[in-house]
Number of protein chains: 2
Amino acid sequence: MSQYWSHLIHGLTPYVPGEQPKINNLIKLNTNENPYGPSPKVLIALQKEASESLRLYPDPNSDVLRKAIASFHDLESSNVFVGNGSDEVLAHTFNALLNHDKPILFPDITYSFYPVYCGLYEIAFETIPLNDSFEIQVDDYLKPNGGIIFPNPNAPTGRSLALSEIERLLKTNTSSVVVIDEAYVDFGAESAVGLIKKYPQLLVTHTLSKARSLAGLRVGYAVGNPDLIEALHRVKDSFNSYPLDRFAQAGAIAAMEDKAYFEETCHKVISTRTHLVKELTDLGFEVLPSGANFIFAKHTKKDAEVISAGLRDKNIIVRHFKKPERIAQFLRITVGTNAECAALVSELKQLV
Amino acid sequence: MSQYWSHLIHGLTPYVPGEQPKINNLIKLNTNENPYGPSPKVLIALQKEASESLRLYPDPNSDVLRKAIASFHDLESSNVFVGNGSDEVLAHTFNALLNHDKPILFPDITYSFYPVYCGLYEIAFETIPLNDSFEIQVDDYLKPNGGIIFPNPNAPTGRSLALSEIERLLKTNTSSVVVIDEAYVDFGAESAVGLIKKYPQLLVTHTLSKARSLAGLRVGYAVGNPDLIEALHRVKDSFNSYPLDRFAQAGAIAAMEDKAYFEETCHKVISTRTHLVKELTDLGFEVLPSGANFIFAKHTKKDAEVISAGLRDKNIIVRHFKKPERIAQFLRITVGTNAECAALVSELKQLV
């Protein structure tokens, strides 16, 4: 608190990311990282970047990367915007496309960075309650708004919305932007990317942090009509010309190109998730249906805080949000390797 | 232009960075990159990062890097803020510390990103003319303001302001933040970092893109009173929790620690600059005194655009800003290696 702070700063409530503990031998199931490392082709591409060329600026427009992303999705480069993690892409999206006179809409239980962006850009918002099964109900969003955003699958619930429902929303909601945040889509939900050419108000955001095992590299992107993408470029070029360094661009290009490794990794995570859900259900957990690389689960008898603390004592970290009340008894557990999940189940057997 | 764009976007005039051409065998003297690559210790540190650990998020707080920067400047970590290039650090600075009721002040001829940030954050500004010798005059800034920012050495002039003058400004201007942008300070100007403990309104920004040869890695930082640094953290954590990827953190730590390589590189650039200034003067150029890794020069007879185009034909790129009128006849030339500067001088002998 200071006379030197801009007025805005006093009122900000920053986002608090999941803990990144600096301890070894942890089973870290709290921030939805991929249990498998990036493609070997990515590592080779990255090694080449550790060179004298680092004295030179990277390509400010990330042209080769944008082309690789466009090619993966069967789109054009003009449909693609890239940023320093999908968090930066989302920040620019809130500023460039979701800042209008009417309040924007998002679920009451969702990615907790959304209200933080609204604070940063002074955007009014209204939260729409999930139903009792923690599902997004499209009908609740069919009203005047300055924009709509939700993740699919939603976080931290893991529940997916059918593509037909998203299309129903797009058919009705034509005068404001609809952002589908597909950070976790590759683990089992239906992507809306195929609807971009049909709906000019649709923006879809992706990250390379989850399905492409590159949380440490900070690359995310948005795809949409060139008109929406131009707005994002305008705000990016008024903020930081070079958000993606030489490593981020080279690694991300190789990751987008290695489709086989990407698919294999997603398949392994989905397979482990199926097994984990069964085991947790057997232990008395209620597990929401998940299309993501995490599950959201509540034990029928044992308190979530007690379970979370008990696991922590055994060097296993999961995420317990505590608030709001509706999810206070849930734990969000990242799907790890088979061995990590077996260790988790083994400890839970003692705890519950 | 679109109904979907936020009101702000229509009015933005984004920054245009210097050209990053995708042609080989160019002598690239247009974006003030260091002609020497980064320290070999940096390259070793970077190679180690191309590993399975990339599946994990980086440290959101860049604690080790902030400690290394603090140690270099004999400060505490609480005095240090890091960002994705000094452009991101400056963007957050404009939002967090320079957005008040009164207009901020900066020179009429300076880093052209400053008015762009003002557009992005809707900050009123007033430009203060440099004097006829292209110098910043502290007396012109002694009036009510919402903040003051200028580079030292200034860009694109290269002229430095004496530390005693900066301290004179700080003694009088105590009720708003004074930002000294020291992107080029290590090539011959006096740093204001030593004044931080004395003046709580002083923020000094640095980049690793110039003197530390890491333009391709995107790391910048600000040092100041913990109270100013906290404002920057609040806005950063409301925008993007993880702006520095694993490579950026590891490379920057190694670069801050290798003081000997850094000093040797700066010394080589300064030595080449001294020689280049003499040769250009002999060719009929007026060269402003430079404390930077570039010079700002005007030929007494030959038109700047003609010289710039003539060099381009010979695969040598320099930067010609054209506007404002006062600097229309100047060229900004990055100090390259001795061989690059010799090639430049040789071509100029033909041209002028």
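Just so we're clear, the structure is a prediction, and the values are computed from it rather than from any experiment. (Residues numbered from 1 in each chain as written. Chains lettered and ligands numbered in written order. Predicted model: local features only at pLDDT ≥ 70, side-chain atom pairs only at ≥ 80, totals over all residues. Heavy atoms only, no water.)

1. Some remarks on helix α10 (residues 304–313) of chain A
Residues and elements named next belong to chain A. Selection criterion: Residue burial is assigned from relative accessible area. The probe radius is 1.4 Å, only protein chains are included, and a residue is buried under 20% of its type maximum, exposed over 50%, and partly exposed in between. Helix numbers and strand numbers start at the N terminus; a helix is a DSSP run of H or I with at least 4 residues, a strand a run of E with at least 2. Working definition: the arc comes from the directions between the helix axis and the C-beta atoms, pointing outward to the latter. By definition, residues are in contact when any of their heavy atoms lie within 4.5 Å. Two N or O atoms count as a polar contact when they lie within 3.5 Å, although within protein this holds only if one can serve as hydrogen donor and the other as acceptor, and sequence-adjacent residues are included solely when both atoms are side-chain atoms.
Three or more residues of α10 are buried, namely Ala304, Ile307, Ser308, Gly310 and Leu311. Mapping the buried residues of α10 onto a view down its axis gives an arc of 165 degrees, with all of them on the same face. Against β9 (285–287), β10 (294–299), β11 (316–318), β12 (330–334) and α11 (338–351) lie the buried residues of α10. Between the side-chain oxygen at the start of α10 and the backbone nitrogen of Glu305 there is a gap of 3.1 Å, and the oxygen is on Asp303. Just downstream of α10, Asn315 is the residue with a positive phi angle, here 65 degrees.

2. Some details on the environment of Pro200 of chain A
Its location among the elements puts Pro200 of chain A in the loop between β6 (178–181) and β7 (202–207). Pro200 of chain A gets classed as partly exposed once you look at its relative accessible area, which sits at 36%.

3. Details of the domain arrangement of chain A
Residue and element names in this part refer to chain A. We count it as follows: As annotated, the domain borders come from an automatic or database domain assignment. The quantity reported as buried area is the accessible area (1.4 Å probe) lost by two parts once they are put together, taken as the sum for both. Salt bridges are defined by distance alone: a side-chain nitrogen of Lys or Arg within 4 Å of a carboxyl oxygen of Asp or Glu. Asp, Glu, Lys and Arg are counted as charged, while Ala, Val, Leu, Ile, Met, Phe, Trp, Tyr, Cys and Pro are counted as nonpolar; the rest, among them Gly, fall into the polar class.
Assigned domains of chain A: these are domain 1 (7–37 + 260–351) and domain 2 (40–258). Each of domain 1 and domain 2 was reduced to a C-alpha centroid, and the two centroids are 23 Å apart. Surface buried jointly by domain 1 and domain 2 totals about 2,700 Å² across both partners, of which 64% is contributed by carbon and sulfur atoms. A per-residue breakdown of the area domain 1 buries against domain 2 is headed by Tyr15, Phe262 and Arg326, which together make up 27% of the total. Here Arg326 ties to Asp108 by a salt bridge, and the two come within 2.9 Å at their closest N and O atoms. Counting across the domain 1 and domain 2 interface gives 15 residue pairs in polar contact (both at pLDDT 80 or more). If you list the elements that add at least two residues to the side of domain 1 that touches domain 2, you get α9 (259–282), β10 and β12. For the side of domain 1 that touches domain 2, the element with the most residues is α9, which contributes 8 residues. Class assignment for the residues of the side of domain 1 that touches domain 2 results in 20 nonpolar, 9 polar and 4 charged.

4. Observations regarding the pattern of salt bridges
All names here are of chain A. Overall, the coordinates contain 28 salt bridges over all chains when judged by the stated rule. Arg66 serves as the salt-bridge partner of Asp63, at 3.4 Å between the closest nitrogen and oxygen. Note that Asp63 and Arg66 are positioned in helix α3 (residues 63–73) at a spacing of 3 residues, about one turn of the helix. Overall, the relative accessible area of 11% leaves Arg66 in the buried class. The closest approach of N and O atoms between Lys278 and Asp282, which form a salt bridge, is 3.0 Å. Here Lys278 and its partner Asp282 are both found in helix α9, 4 residues apart, which amounts to about one turn of the helix. One continuous salt-bridge network, built from bridges that share partners, spans Asp139, Glu165 and Arg168.

5. Things to note about the relation of the copies chain B and chain A
The condition that has to hold: Residues reaching a pLDDT of at least 70 in both copies supply the C-alpha atoms on which the copies are superposed by least squares.
Rotating chain B by 180 degrees and translating it 0.0 Å along the rotation axis places it on chain A, where the RMSD comes to 0.0 Å. Here the symmetry operator amounts to a two-fold rotation axis. It is Gln47 of chain B whose C-alpha, among those of chain B, lies nearest the rotation axis, at 2.9 Å. Of the residues that chain B buries at the interface, 100% are likewise interface residues in chain A, meaning the two copies contact each other through the same surface.

6. Brief notes about the interface of chain B and chain A
Tallying the contact residues gives 87 residues for chain B and 87 residues for chain A. Between chain B and chain A the total buried area reaches about 6,900 Å² when both faces are included, carbon and sulfur atoms providing 56% of it. Three residues, Tyr4, Tyr57 and Phe239 of chain B, lead the burial of chain B against chain A; their summed loss comes to 13% of the area buried on that side. Scanning the region where chain B abuts chain A turns up 0 salt bridges. Taken together, chain B and chain A are joined by 45 residue pairs in polar contact (both at pLDDT 80 or more). Put simply, the parts of the chain that give the side of chain B that touches chain A at least two residues each are α1 (7–10), α2 (40–49), α4 (85–97), α5 (114–121), α7 (226–236) and α8 (246–257) of chain B. Per element, the largest residue contribution to the side of chain B that touches chain A is 8 residues, and it comes from α4 of chain B.

7. Some details on the sheet that holds β12 of chain A
All names here are of chain A. Basically, it comes down to this: Here, any two strands with at least 2 DSSP bridges between them count as paired. Only C-alpha atoms enter the line fits that serve as axes; for helices the fit covers just the stretch in contact. Angles between N-to-C directions range over 0 to 180 degrees.
The strand order across the open sheet built from 3 strands is β9-β10-β12, with neighbouring strands paired in antiparallel fashion. With one partner strand each, in any of the chains shown, β9 and β12 form the two edges of the open sheet. Sheet twist, expressed as the average angle between the axes of neighbouring strands with direction ignored, equals 35 degrees. Taken strand by strand, α10 contacts β9, β10 and β12, and its axis lies near 35 degrees from that of β12.

8. Some remarks on the sheet that holds strand β9 (residues 285–287) of chain B
Within a beta sheet, neighbouring strands are joined by backbone hydrogen bonds and run either parallel or antiparallel to one another. Residues and elements named next belong to chain B. With respect to topology, 3 strands assemble into an open sheet ordered β9-β10-β12, the strand pairing being antiparallel. Of all strands in the sheet, those bounded by a partner on one side alone are β9 and β12 (330–334). Looking at each pair of strands side by side, their axes are set apart by 35 degrees on average, direction ignored. When strand β10 (residues 294–299) meets β12, the two strands line up antiparallel, connected through 5 bridges. Bridge pairing in β12 links Phe294 to Thr334. Helix-sheet contacts for helix α10 (residues 304–313) involve β9, β10 and β12, and the interaxial angle to β12 is about 35 degrees.

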